[in-house]
Amino acid sequence: MKITKQATPEMIVSPSTKLWWRFALCMLFLLVNLQYGMAQETQAETEPAAVAPTKTPEQKKPVDGVMPIDRAWEYSHYRVRVWICTDGTPETNGLRGHVREELVAKAETVDRSAWELLVNDAPNPWNWRFSNDLINATKYPGIEKLQELEFDDKLMIVSLKRSATGVRCEVREFDLLAQQWGSLLARNLVQIEDIGQSVFELVTTAFMPVAQVESADENNAAVLRARAVLSCIVSRLDENGEWVAETNLVSPVYIRDHDVFLPVLRRTDRDGKLASLDPVPYTFVTLDSVDGARIDGHVQSTVRAPLSGRRSKRLQKLALVIRPPNTSTVLKLFSKDEKGMVMEGIEIYSRPPNADKDASSEYLGKTDWRGLITIPPSEDGLRMIYLKRGARALRKLPIVPGFIPFLETDIANDEARLYAEGVIEGINIELIDLVTQRQVYEDDINKALDAADYNRARDILTKYNELPRASQIRARLSDEEARLRTRAKDKKEIEFINNMFSSLQTILSTYVGESKESEIRKKIDRSQPASADAPKSDVPTTE
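By convention here, each chain's residues receive numbers from 1 onward along its written sequence. Local features are withheld for residues below a pLDDT of 70 in this predicted model, meaning they are given only at 70 or higher, and side-chain atom pairs are given and counted only at 80 or more; totals for whole chains, interfaces and linings count all residues. To get the side-chain values, all heavy atoms of the structure are used, and hydrogens and water are removed first.

1. Some points on the packing of aromatic side chains
Two rings from Phe, Tyr or Trp (for Trp, the six-membered ring) form a pair when their centres are within 6.5 Å of each other. A pair whose planes differ by under 30 degrees is stacked, one over 60 is edge-to-face, and the rest are tilted. For the structure on display, the rule yields eight aromatic pairs. Seen in terms of ring centroids, Trp115 and Phe207 are 5.6 Å apart; in terms of plane orientation they differ by 80°. Their pairing is edge-to-face. Residue Trp115 is found in strand E2 (residues 115-121), and its partner Phe207 is found in the loop between helix H5 (195-206) and strand E7 (210-216); the two are separated by 92 residues along the sequence. Taken individually, Trp115 and Phe207 each receive the classification buried, so the pair is uniform in this respect. Members of the aromatic cluster, connected to one another through ring pairs, are Trp126, Phe130, Tyr140, Phe174 and Trp181. The aromatic ring of Trp126 is capped on one face by Arg129, whose charged end is 4.5 Å from the ring centroid. Helix and strand assignments come from DSSP, with helices taken as H or I runs of at least 4 residues and strands as E runs of at least 2, each series counted from the N terminus. Burial classification: accessible surface area is computed with a 1.4 Å probe over protein chains only, and a residue below 20% of its type maximum counts as buried, one above 50% as exposed, and the rest as partly exposed. As a reminder, the over-ring test applies to NZ of lysine and CZ of arginine, requiring each to be within 6 Å of the ring centre and within 35 degrees of the ring normal.

Listed below in C-alpha cells is the structure:
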C-alpha cells in the first residue's frame, strides 16, 4: 500500500515569496540600524564630549631663598630683598662682595626664623636711579611689579657713594605689600673695615614690621596683630644645661613699646587684584600694651575715628612700624580758601600723645613769612601738633619728626574771626575804661558835695554825661557782629563770632548798665541849700 505525504501550508512556498521575506528582513535591519544611529547622534549633542586629561601646571617657585608657605599671619616670615647700589667708583664697587657677605651672616645671627635677607646687586637701571637720588625714590613707579620681586615682602635699598671723608651709606625700605617707602637713613662711614656692621645697623633700623588692624572703635581704641612675631624665637642653655626657647627681643621684627604705626588701607577688586592703596593722612597708632602678637593701641589722628567701620574681605587695614631718624621735619602751612597763600604767624604748640587735658603744652614758635616752621624730634617719637591763631585752635596734626623731611597742609583762613577778636578786645577795653571813669567821676562828685563845692560837682557831672552810654555800645556791637558774620567763610567761624559777641553783650548788661546821670543830678539839687541866689542846675537831663 502506497502512502502519500500530505502537503502543508509551510511546504507550499513559491520562490517569489522567499525573495519577498528576505527583502523585508533586510529593510527591518536597516531601519533598526538607522534609528540606533540617530539616537547616538542625539545623545552626543546633549552630552558634553569627554575632555582629555591635561597636566596640572607646576607651581611657581622663587629662584632663591625659602619657598613662601601659607602660614598663619603671626608665624609668616619676611622675605627681604636687599639691593646694593653704588656710584660706580672703584672704592664702592670693591665693597659690594664684603657688604653682601656681612649682611647675610649677621642677619642669620640676629634672627634666622622671622626674616630672611636675600642680598643681590641692584639691576643696572635701578642701580643708577637709587644711587643718584634715593630720597626721591617715589618718582620711580612700577618697582612693585618687577618679576624678580614677585615672592618678596620687602625691598631694602643700600646705596654706597664715595664722599670726602670716606663712604656715605644710605638705606631705605620699600614695603611691597603696602607699597610704602620708609624713612631715609644715612651715615658717613670713615672706618671701612666696620662697614658691614654699620650697614647692617642701618638695615635693621630701616626695617618696618607690618601688622593688621583687627578692630578700631569710635573712641580710637585699636587692636592690631603683628606679623611673624611668634616666629621671633631664640634658643639658649638655661642654668640646668637644657635648651629653652624664648622670644628674640633683639630681632628687628619684634615690636617695641615705643613703636609708632602708620595705617595703610589696601583695597582689592572682586578678582583679588589691587584696586587702591591709601595711607591715612596725619594718622598714627601708638601702643598701649604688647602681648605676643596682639597689640593694644590708640589711634592718633586729625579726624575722628578714621579706622572704624565695618570689616570687609576686600579691605585690608595694614599698619607699618615707623622708626625714623632723630631729625626734624619742616612744616608748611597754606590757606585752604585762597590758593597759593601761605599762613604766616600761626602759633605752633606740641603735646605728648594721650596727654591729660590739664597737661602743659610746649610752645614751638610761629610760622615765618613763608609759612614754614621746623618741628624738632621728641623722646616719644610722635608729636601732637596744635595750630593756634589768636584764641582759637585751628587744627590738630600728629607728626613723627624725621619720617618725612617736608610736610605741607592747608588750614582755614579765618581772617574774619581774627578781626572779630580784635574788635571784641578793643570794645572790652573800652568797657573797662567806661566803668572806671564812671566810678572816678561819681567819687569826685561826692567829694565836691561834701565840700559844698556845687559848681565843681556840676562841672564833673557834665563830663560824666559825655561818656558813652550802654545803648550806644550795644548798637555798635550789633553792627559789628552783622558785618563780621557776612565775612565769615564757614559755620565754625560764624559760631565762634556769635559766641564772642554774646559774651560781650552779657558783660555789658551785667557790669555797665545805663548811666546814673539823672540820679546824680537830683542828688546835687537836693544837696544845694535853697536860696533865691542859688543857680539852678544847667546840666541837661537825659530823661
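2. Points about the pairing of strand E8 (residues 221-226)
The pairing criterion is simple: DSSP has to find at least two bridges between the two strands. Bridge count for E7 against E8 is five bridges, and the pairing is antiparallel. Looking across to E8, one finds that Val213 is bridged to Leu224. Here E7 hands over to E8 after four residues, with Asn220 in that stretch at a positive phi of 70°. The sheet contact formed by E8 and strand E14 (residues 294-301) spans five bridges and is antiparallel. The partner of Ala221 across the bridge, within E14, is His298.

3. Some points on unusual backbone geometry
You will see that Gln179, though not glycine, has its phi angle at about 50°, which is positive. Mapped onto the elements of the fold, Gln179 is located in the loop between strand E4 (167-175) and strand E5 (180-181). A positive phi angle, near 50°, is found at Tyr282, a position not held by glycine. Of the residues examined, Tyr282 reaches a relative accessible area of 16% and is grouped as buried.

4. Some thoughts on the side chain of Glu74
With respect to the helices and strands, Glu74 occurs in the loop between helix H1 (15-46) and strand E1 (78-86). Residue Glu74 is classed as buried on the basis of its relative accessible area, which comes to 14%. If we ignore the near neighbours within four places in the chain, the residues touching Glu74 are Arg225, Ala226, Arg227, Ala228, Val229, Leu230, Ser231 and Ala293. Note on definitions: a residue-residue contact is assigned when non-hydrogen atoms from the two residues lie within 4.5 Å.

5. Some details on the pattern of salt bridges
Each salt bridge in this description consists of a side-chain nitrogen of Lys or Arg and a carboxyl oxygen of Asp or Glu lying within 4 Å of one another. Summed over the entire model, instances satisfying the criterion amount to 25 salt bridges. Between Glu102 and Lys106 there is a salt bridge, with the nearest N and O atoms lying 3.7 Å from each other. Of this pair, Glu102 and Lys106 both sit in helix H3 (residues 96-110), four residues apart, which is roughly one turn of that helix. According to the relative accessible area criterion, Glu102 is partly exposed, its value standing at 26%. Where Asp410 meets Arg395, a salt bridge forms, and the shortest distance between an N and an O atom there is 3.8 Å. Of this pair, Asp410 sits in strand E22 (residues 406-411) while Arg395 sits in strand E21 (residues 392-399), placing them 15 residues apart in sequence. Here Asp410 falls in the partly exposed class, since its relative accessible area comes to 26%. Linked by salt bridges that have partners in common, Asp64, Arg79, Arg81 and Asp152 make up one network.

6. Description of the nonpolar core
In this structure, Leu103, Trp115, Leu160 and Val199 are the most contacted members of the largest nonpolar core, which totals 46 residues. If one sorts the elements of this core by residue count, H5 sits on top with six residues. Discounting chain neighbours no more than four positions away, the residues touching Val199 are Val99, Leu103, Val158, Leu160, Cys169 and Leu189. By size, the runner-up hydrophobic cluster in this structure holds 29 residues, among which are Leu434, Tyr454, Ala457 and Tyr464. Residue types Ala, Val, Leu, Ile, Met, Phe, Trp, Tyr and Cys, when buried and joined through side-chain atoms within 4.5 Å, form a set referred to as a nonpolar core.

7. Structural notes on the confidence of the model for the chain
What pLDDT conveys is the predictor's confidence in a given residue, as a value from 0 to 100. The predicted model of the chain has a mean per-residue pLDDT of 81, with 84% of residues at 70 or higher. Note on residues 1-13: pLDDT is under 50 here. Beyond four places in sequence and across chains, it has four contacts. Confidence drops under pLDDT 50 across residues 537-543; counting only partners more than four residues distant or on other chains, this segment forms 18 contacts.

8. Some points on the environment of Ala470
Residue placement: Ala470 occurs in helix H8 (residues 470-487). When the C-alpha atoms of Ala470 and Leu434 are compared, they prove to be 9.6 Å apart, with 36 residues separating the residues in sequence.

9. What about the packing of H3 against H5?
Axis separation between H3 and H5 bottoms out at 9 Å; the angle between their running directions is 55°. In terms of orientation, H3 lies oblique with respect to H5. In the packing of H3 onto H5, the handedness of the crossing is right-handed. Of the residues in H5, those touching H3 at His98, Val99, Glu102, Leu103, Lys106, Ala107 and Val110 are Ile195, Gly196, Gln197, Val199, Phe200 and Val203. Only Asp, Glu, Lys and Arg are considered charged in this grouping, and only Ala, Val, Leu, Ile, Met, Phe, Trp, Tyr, Cys and Pro are considered nonpolar; every other residue, Gly among them, is considered polar. Its residues assigned to classes, the contact of H3 with H5 comprises eight nonpolar, three polar and two charged. Orientation is described by lines fitted to C-alpha atoms, with helices fitted over the stretch in contact, and by angles between N-to-C directions that extend from 0 to 180 degrees. Angle categories are assigned with fixed cut-offs, so that under 35 degrees is roughly parallel, over 145 is roughly antiparallel, 65 to 115 is roughly perpendicular, and the rest are oblique. Note on convention: near helix rotated counterclockwise from far helix by under a right angle means a left-handed crossing. Clockwise means right-handed.

10. Brief notes about H3
In a regular helix each residue adds 1.5 Å, so 15 residues correspond to 21 Å; H3 covers 21 Å between its end C-alpha atoms and thus fits that length. For H3, every residue scored as buried is listed here: Arg96, Val99, Leu103 and Ala107. Looking straight down H3, one finds that the buried residues subtend no more than 65° of arc, so they occupy a single side. Opposite its buried face, H3 presents the exposed residues Glu101 and Thr109, each directed more than 90 degrees away. Elements that come into contact with the buried residues of H3 comprise E1, helix H2 (90-93), E2, helix H4 (124-132), strand E3 (154-162) and H5. One fewer than the residue count of a helix, multiplied by 1.5 Å, yields its expected span. Of all possible arcs, the one meant is that of the directions from the helix axis to the C-beta atoms.

11. Considering the packing of helix H7 (residues 454-465) against helix H10 (residues 517-527)
In the contact formed by H7 and H10, the axes pass within 11 Å of each other and the chain directions differ by 170°. It follows from the interaxial angle that H7 and H10 lie roughly antiparallel. Listed contacts from H10 to Tyr454, Ala457, Arg458, Leu461, Tyr464 and Asn465 of H7 are Glu517, Ile520, Arg521, Ile524 and Ser527. Classifying every residue of the contact of H7 with H10 by side-chain character gives six nonpolar, two polar and three charged.

12. Let's talk about the sheet that holds strand E19 (residues 372-375)
Spatial strand order, E19-E16-E22: three strands in an open sheet with mixed pairing. Where the open sheet ends on each side, the last strands, each with one partner, are E19 and E22. With strand direction ignored, the average angle separating the axes of adjacent strands in the sheet is 30°.

13. Some thoughts on H5
With 12 residues, H5 ought to run about 16 Å at 1.5 Å a step, and its terminal C-alpha atoms sit 16 Å apart, in line with that. In terms of burial, H5 is a largely internal element, nine of the 12 residues being buried. Restricting attention to buried positions, one finds in H5 the residues Ile195, Gly196, Ser198, Val199, Phe200, Leu202, Val203, Thr204 and Ala206. At its buried positions, H5 is contacted by H3, E2, E3, E4 and strand E6 (185-189).

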